[in-house]
Amino acid sequence: MNHIYMLVILFGALALVACNGTEDTLSTGSDITSTSSEDTTDENNNATTTQIGLNPDYFFDSALSEPIETTACTLTDGTETLCYEIVISGVPSNNEIGPFCPTHIDDDATQGGVWFDGSGELYQLDGAFIVYTKTLYGDDWQLYDETTGEVFVTDTQIACEAAARPNVDPEYQNHCVECAIEYYGGGVAQKFLIPASPIPLSTPEQVGADLGVALNGVVIAGPAPVSAILAANTIAAFDDCGGHINPAEGYHYHAALGCSNIITTLDGHANLLGYALDGYGIYAMLNSEGEEDYDLDECRGHSDDSRGYHYHAASAAENMFIGCYQGAQGSVEIVQ
Amino acid sequence: MRTHTIFVLYLCLVSTNSFAHSGHIFSHAIEACENKQISQKCSYIVGGEKYYTGTCQVLNEVKMCVRNQPVKTIDADSATVPKNNTGNDLSDDPKFQTLNEIFANQGLTLNEFSVARANKLSF
Ligand SMILES: [Zn+2]
Ligand SMILES: [Zn+2]
């Protein structure tokens, strides 16, 4: 158990480091009680799980390009229903983006972000880790100049895009890859359609590249393709919030590191951090006691009276948020 | 999103050769589901002592083990089975595999696991 507590402390520390940005005007401390809810019934008209939908008031206003509206939509299972239309501006509203790569092997943890490769470890991306990649990943790894100690970082738009493409330019293999949001208009706006009242599925469905939206206006993505990234001898660095930038989507999260847990629950349950495309809430992994639930299903979700069905994010070291969808999904697209 | 998916798929297609010479790149969560169907139980061990258990799911085109039980710390020296929060042995819980099954999935016997751990090998 000591290790679990150490992880909790580590994550807590990371969250503090990462989330010391500007405060927004959204009041926290509210409980999840004002959300619209609806009881569903099965074929025998028996009451089943209460469906509690997205609460638009929980989003930071400053994270959005326009106010949240409702609109007609068609979900992945063909259901025609009402969705919330959420248009994000593409930058987190409550903290700065980055830093990602350290620039010198002497840099400390404050000068870089984090790295996780799905192996269950969360690494501080400091100068020492850059050196350690040779031990960790193989002798053909050389992410820094042995003479100067300078880290090979993709520090221009040309370099970022040459490294963040499928056929990584050989010139940018053995690089710590990062892109600046300024290259992409200061943020890539995206429009989410999320059902106002979740529609449960009879069998779970697979998670794709993007799976939801955080309350601070950041896309929640599926697992980062770390094996492919590592195959090019690159590190697609994440910042301390578990996000990074690619040319197609701008800034997005691959891990929950506490930067959007802005709705505090009053009953000791973990905090809400965002919503999945099926309208179910995504909560942090741990409750106020630092413990994780034992009754999560294969999608990493469960139900309670206050929140209905909802998910709990996995740890950052696992390179994922949730395991699958239990509800019919809306959609997400880039706003041209 | 679509671009992202195509990017991932393409990377998967082109990565095989360069992957081979990149040293011990590993992902326990992916390996744990290599010969399993979606929704089947899976488990893996990180750092020789952290025990993860869940089910196989496909995320972003990749089948991997999605943990749905809290991470447990294994005490291999005394060969005990992880306990749940009520202090009961998880070996009584049908959701859990025995340690021997887990080690077998990783190609090890419990004894080999203990030796590996004693030698500070990570797998
Ligand atoms: Zn990404
Ligand atoms: Zn919960």
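Nothing here was measured: the structure is a model prediction, and the numbers come from that model.

Some details on the domain arrangement of chain A
Residues and elements named next belong to chain A. Annotation of chain A at the domain level lists domain 1 (3–95 + 187–224 + 252–334) and domain 2 (109–184 + 227–242). Of the residues lining the interface, 21 residues belong to domain 1; the matching set on domain 2 comes to 14 residues. Along the contact surface separating domain 1 from domain 2 lie 0 salt bridges. Inspection of the region where domain 1 meets domain 2 yields 3 residue pairs in polar contact (both at pLDDT 80 or more). Of all the secondary-structure elements, those providing two or more residues to the side of domain 1 that touches domain 2 are α1 (2–18) and β14 (250–253).

Digging into the coordination of the zinc ion (ligand 1)
Residues and elements named next belong to chain A. Protein ligation of the zinc ion (ligand 1) involves H244 (NE2), H252 (NE2) and H254 (NE2), the donor distances falling in the range 2.0 to 2.1 Å. Summarised as a motif, the one-chain spacing of the donors to the zinc ion (ligand 1) is H-x7-H-x1-H. Residue H244 is found in strand β13 (residues 243–246), and its partner H254 is found in the loop between β14 and β15 (272–276); the two are separated by 10 residues along the sequence. Grouping residues by exposure puts H244 and H254 together as buried.

Some thoughts on the state of the cysteines
Residues and elements named next belong to chain A. Per the stated rule, a full pass over the model turns up 7 disulfides over all chains. The disulfide bridge from C73 ends at C83, spanning 1.9 Å between sulfur atoms. Between C73 and C83, the disulfide has an S-S torsion of 75 degrees and is therefore right-handed. Here the residue C73 occupies a position in strand β3 (residues 69–74), and C83 occupies one in strand β4 (residues 80–88), the gap between them amounting to 10 residues. In this structure, C73 and C83 share a single accessibility class: buried. Bridging C299 to C324, the disulfide has an S-S length of 2.0 Å. Because the torsion about its S-S bond is -100 degrees, the bridge between C299 and C324 counts as left-handed.

Some points on the coordination of the zinc ion (ligand 2)
Residue and element names in this part refer to chain A. Listed as protein donors to the zinc ion (ligand 2) are H269 (NE2), H302 (NE2), H310 (NE2) and H312 (NE2); their distances from the metal cover 2.0 to 2.1 Å. Coordination at the zinc ion (ligand 2) is irregular, judged from the 4 donor atoms that bind it and the angles of 95 to 159 degrees they form at the metal. Summarised as a motif, the one-chain spacing of the donors to the zinc ion (ligand 2) is H-x32-H-x7-H-x1-H. One end of the pair, H302, is in strand β17 (residues 301–304); the other, H312, is in strand β18 (residues 308–312), and 10 residues separate them in sequence. This pair shows no difference in class: H302 is buried, exactly as H312 is.

Structural notes on the nonpolar core
All names here are of chain A. One finds I86, W115 and I235 to be the most contacted residues of the largest nonpolar core, which totals 97 residues. In this structure, this core is formed jointly by two domains, domain 1 (3–95 + 187–224 + 252–334) and domain 2 (109–184 + 227–242), each of which donates at least three residues. Among residues more than four places away in sequence, those in contact with W115 are E121, L122, Y123, L125, F129, Y137, V226, I229, L230, I235, A236 and F238. Membership of the second largest hydrophobic core comes to 6 residues, among which are C73, L75, C83 and L201.

Observations regarding the packing of aromatic side chains
Residue and element names in this part refer to chain A. In the structure shown here, the tally under the stated rule is 12 aromatic pairs over all chains. An angle of 5 degrees between the planes, with centres 4.1 Å apart, marks the rings of F116 and F238 as stacked. Taken as a pair, F116 in strand β5 (residues 114–116) and F238 in the loop between β12 (234–236) and β13 lie far apart in primary sequence, 122 residues in all. Here F116 and F238 have matching classes, each one buried. Seen from their ring centres, Y280 and Y309 are 4.8 Å apart, and the 70 degrees between their planes marks the pair as edge-to-face.

Focus on the sheet that holds strand β16 (residues 281–283) of chain A
All names here are of chain A. Pairing in this open sheet of 8 strands is mixed, and the strands run β13-β14-β11-β10-β15-β16-β18-β17 from one edge to the other. Strand pairing shows two members of the sheet lacking a second neighbour, β13 and β17, which therefore form its edges. Neighbour-to-neighbour, the strand axes of this sheet turn through a mean angle of 40 degrees, independent of strand direction. In this structure, strand β11 (residues 219–221) lies alongside β14, joined through 2 bridges in parallel fashion. Counted as the bridge partner of V219 is H252 from β14.

Considering the pattern of salt bridges
Under the counting rule described, the total for this entry stands at 7 salt bridges over all chains. Measuring nitrogen to oxygen at the nearest pair gives 3.9 Å for the salt bridge that ties B:K50 to A:E121. Linking B:K50 in strand β2 (residues 50–59) with A:E121 in the loop between β5 and β6 (122–124), this pair reaches from one chain into another. Here A:K191 and A:E333 are joined by a salt bridge, their closest N and O atoms 3.8 Å apart. Pair noted here: A:K191 is in strand β8 (residues 190–195) and A:E333 is in strand β20 (residues 331–334), with a separation of 142 residues, a long-range link. Owing to a relative accessible area of 22%, A:K191 belongs among the partly exposed residues under this scheme. It is possible to trace a salt-bridge network through shared partners that takes in A:E292, A:R300, A:E318 and B:R67.

What counts as what
Residues numbered from 1 in each chain as written. Chains lettered and ligands numbered in written order. Predicted model: local features only at pLDDT ≥ 70, side-chain atom pairs only at ≥ 80, totals over all residues. Heavy atoms only, no water. Domains from an automatic or database assignment. Contact = heavy atoms within 4.5 Å. Salt bridge = Lys/Arg side-chain N within 4 Å of Asp/Glu carboxyl O. Polar contact = N/O pair within 3.5 Å; in protein donor to acceptor, adjacent residues only side chain to side chain. Helix = DSSP H or I, 4+ residues; strand = E, 2+ residues; numbered from the N terminus. Donors = N, O, S within 2.8 Å, 3.2 Å for Na, K, Ca; no water. Buried < 20%, exposed > 50% of the residue type's maximum accessible area, 1.4 Å probe, protein only. Disulfide = S-S within 2.5 Å. Tetrahedral: all angles 85-135°; square planar, octahedral: opposite > 155°, others 65-115°. Core = buried A, V, L, I, M, F, W, Y, C linked by side-chain atoms within 4.5 Å. Phe/Tyr/Trp six-rings, centres within 6.5 Å; stacked < 30°, edge-to-face > 60°. Pairing = 2+ DSSP bridges. Axes fitted to C-alpha atoms, helices over the stretch in contact; angles between N-to-C directions.

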